[in-house]
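Commentary on secondary and tertiary structure
Read off the chains here:
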Amino acid sequence: MPFESRYRAVNPNVYRVAAIILTACIFLFDVLSPLEGAVAVLYVLAIFLVAHSGRRWEIVTTAVICLVLTALAYVISHGLPLRDAPALRALVSMAALAIALTLALRNQAATQTLGAQAQLIDLSHDMIFVTDMDGVILFWNRAATDTYGWSAAEAIGKRADDLLQTVFPIDRAHAQRTLLETGRWDGAMVHTARDGKTFALESRWALARGPDNAILGIMETHTDVSERKAAHAALVQSERRFRRMFDATRMGVVQEDWSDVRAALKDLGAGELTPEFVQRARSLVHIEGVNPALLRIVGADTDSGRAAHRTADDILAETDRSFAGALAAFARGDAFFEGETNIVATDGRLVPVLFTITFPTSPDDADSVLVFMIDITDIRHAQDALEQAHAELAHAARVATLGELTASIAHEVNQPLMAIVTNGEAGLRWLRRDRPELGEVESSLGRVVAEGRRAGEIVKRIRAFLQKAPNQRVELDVAAIIEDAILLLDRELARSGTQVTADISPGLPMVPGERVQLQQVMVNLLVNASQAMAGQDREQRIHINARSDESGMIEIAVRDSGPGIAPEHLASLFEPFYTTKAEGMGMGLPICRTTVEAHGGTLAVNGNPGRGAEFVVKLPTSALGTT
């Protein structure tokens, strides 16, 4: 058999010493023995012993020495000249030595080749062993020892199927027949190691044949694919889980391929993302799949919906502005992008959605992009209804405020009316004189006109304050808003003995907003301050300060000289229907805060118990914009 078990190594010096002793004995026997024969042929044994040392020069040197000793023994025993029979025996011995030398050198080369092959087999990570036709192990490599736990000495001589508890997916006899018919067999099997661990294997069997084509055994190579199978099973499970989530979620999901977009960005280089490029990129985003929830959002059935949506251009509205931001985020290498846009339904209507785009973060993800969408149509309707309810409530609050100021309003309107009557009567008297004083009449008429305009302005302010119209954002002058609020409350503040001072920084920037709403905030704050100071003995003062803060926002502080706000009331002060007044509704301050926040600002309070309360309104300017 060419396949051998692992032999225990023998020290080469033993073979060298044995060869020296044997050579000396043969030489002495050849010289001293009276027997006639080719004794020198025995030197072949010495050459074969030295061959075990593995050194080529030692083999050649031993052969040369044996040839010299053969010739020397002939000369000592028979002398010169050469005689036929002894000389022939000597030549036969030398020929035998030359043949032995050739065979030893060839065997050494073959041994070195087999040794190199054995080393390669030992270096393999696959389990390799050789069996005879009955399945008995003849060779066992190092990987088999490391994997299965049995050493070569323990495994050789055992039946492989019994040792490894082999489990075939098919009948073993079928595998054996295939091997004999084709010379090889490939398949899968399961082996069990010494510690009980099982291995899923991809196996290959091949017949080992001799020079005469005789079958010498079966070489089996086994590759452990347990981890690969486990990884594949995990991948399949993950794909199934993803598919269930993809199909079952109520959130619309679009799977897109952005590889053409990446190529276009690469060609663009450091160029600018122009509107033309953004528009072209929309058609380069290929839609690979949409889930049922997305089809429901756009009002499509399964087949027509998937067929109609091939690129992002098919689903995005013409007026969409969010794709440019998503494209810029993709070019920067961001992980995701969020926004709000409208998508086109199958019937042409626009559906408002909130979306999140997740971009690939590793090369393994290629350019596969997921877009998650939520239909916010109902939310938009709810927001519109909420804004409408807020407007209704704010209007009711303004009506209630004016109801409390009825006497002041009546007095405010009555003053110019009485002045008109007085100036009109004076003008008539000047006209009824024998010699009418036309100059005085003209002056009286001028005062009538002025008072009439004054009355008109008062009515106009009241009507504007009471108006119930859609919000219209315009550029507003903070100083004008404060002044209008003070004028509207002028009579009421005077009646309560409240002094109002305003310190407004010159050149304040304009504020984008709705005039009536901001005017209502100032009126509510002034009314609350006046009512908080009612009945106290000390001077009643309200100070308004308007300036730009360090962040560039407009800060309006309304401070009174009343008792302040107790700490236990501060936390609930802006909650709806919470009030510290006996006849209050608890809606004024919540409406004020909601209104200010709708303008992108804030409303805060400093209680200052015993020293007067301070309400601080902060509004963004046109330069900052609103949220």
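So, how was this worked out
- Residues numbered from 1 in each chain as written.
- Predicted model: local features only at pLDDT ≥ 70, side-chain atom pairs only at ≥ 80, totals over all residues.
- Heavy atoms only, no water.
- Axes fitted to C-alpha atoms, helices over the stretch in contact; angles between N-to-C directions.
- Helix = DSSP H or I, 4+ residues; strand = E, 2+ residues; numbered from the N terminus.
- Parallel < 35°, antiparallel > 145°, perpendicular 65-115°, else oblique.
- Contact = heavy atoms within 4.5 Å.
- Nonpolar A, V, L, I, M, F, W, Y, C, P; charged D, E, K, R; others polar.
- 1 Å grid on protein atoms, 1.4 Å probe; cavity = no way out; pocket = protein on both sides within 12 Å on 5 of 7 lines; lining within 4 Å.
- Points joined across faces, edges and corners; volume = space filled by probe spheres on them.
- Pairing = 2+ DSSP bridges.
- Core = buried A, V, L, I, M, F, W, Y, C linked by side-chain atoms within 4.5 Å.
- Buried < 20%, exposed > 50% of the residue type's maximum accessible area, 1.4 Å probe, protein only.
- Phe/Tyr/Trp six-rings, centres within 6.5 Å; stacked < 30°, edge-to-face > 60°.
- pLDDT = per-residue confidence, 0-100.

This brings us to the packing of helix α11 (residues 275-284) against helix α14 (residues 322-332). Here α11 crosses α14 at 85°, and the two axes come no closer than 10 Å. The pairing of α11 with α14 is recorded here as roughly perpendicular in orientation. Residues F277, V278, A281 and R282 of α11 form the contact with α14, whose own contacting residues are F323, A324 and L327. The residue makeup of the contact of α11 with α14, split by class, is 6 nonpolar, no polar and 1 charged.

Moving on: empty space enclosed by the protein. One pass over the structure, following the stated rule, counts 3 cavities of 30 Å³ or more. Each pocket or cavity is described by its volume, and for the largest cavity that value is around 160 Å³. Contributing to the lining of the largest cavity are 16 residues, with E256, L316, I357, V371 and M373 lying nearest its centre. Secondary structure elements with two or more residues in the lining of the largest cavity: α14, β8 (336-344), β9 (350-358) and β10 (368-375).

If you walk across this open sheet you meet the 5 strands as β7-β6-β10-β9-β8, and the pairing is antiparallel. Here the strands that pair on one side only, and so sit at the sheet edges, are β7 (286-290) and β8. With strand direction ignored, the average angle separating the axes of adjacent strands in the sheet is 30°. Of the pairings in the sheet, the one linking strand β6 (residues 252-257) to β10 comprises 6 bridges and is antiparallel in character. Paired with V254 across the strands is V371, a residue of β10.

In this section: the nonpolar core. With 37 residues, the main nonpolar core has I482, L526, I556, F615 and V617 as its most contacted residues. When contributions to this core are tallied by element, the ones reaching two or more residues are α18 (478-488), α20 (515-532), β14 (541-548), β15 (554-560), α22 (588-598), β16 (602-606) and β17 (614-619). Counting residues per element, this core draws most heavily on α20, which supplies 8 residues. When sequence neighbours within four positions are dropped, the list of residues in contact with V617 reads V521, L525, I554, E555, I556, V596, T602 and L603.

Aromatic ring pairs are defined here through the distance separating the ring centres and the angle between the ring planes. What the rule picks out here adds up to 11 aromatic pairs. Between F168 and W185, the aromatic rings sit 6.3 Å apart at their centres with planes inclined by 55°, giving tilted as the arrangement. Pair noted here: F168 is in the loop between α7 (160-164) and α8 (172-182) and W185 is in strand β3 (residues 184-192), with a separation of 17 residues, a long-range link. Both residues of the pair, F168 and W185, count as buried. Seen in terms of ring centroids, W258 and F359 are 5.3 Å apart; in terms of plane orientation they differ by 75°. Their pairing is edge-to-face. Highlighted residues: W258 in the loop between β6 and α10 (259-268) and F359 in the loop between β9 and β10, separated in sequence by 101 residues. You'll find W258 and F359 in the same group, each marked buried.

Scored by pLDDT, the protein chain has a mean of 78; 79% of the residues are at 70 or more. Summarising per-element confidence for the protein chain, the mean pLDDT is lowest in helix α13 (residues 302-308) (53) and highest in α7 (92). Counting contacts from residues 1-9, a segment whose pLDDT is below 50, to residues more than four positions away or on other chains yields 16 contacts.

Glancing now at the sheet that holds strand β5 (residues 215-224). Reading across from one edge, β2-β1-β5-β4-β3 is the order of the 5 strands in this open sheet, with antiparallel pairing throughout. Where the open sheet ends on each side, the last strands, each with one partner, are β2 (137-140) and β3. Averaged over all adjacent pairs, the angle separating strand axes in this sheet is 30°, with direction ignored. Here α8 sits on the sheet in contact with β3, β4 (198-209) and β5, set at roughly 35° to β4.

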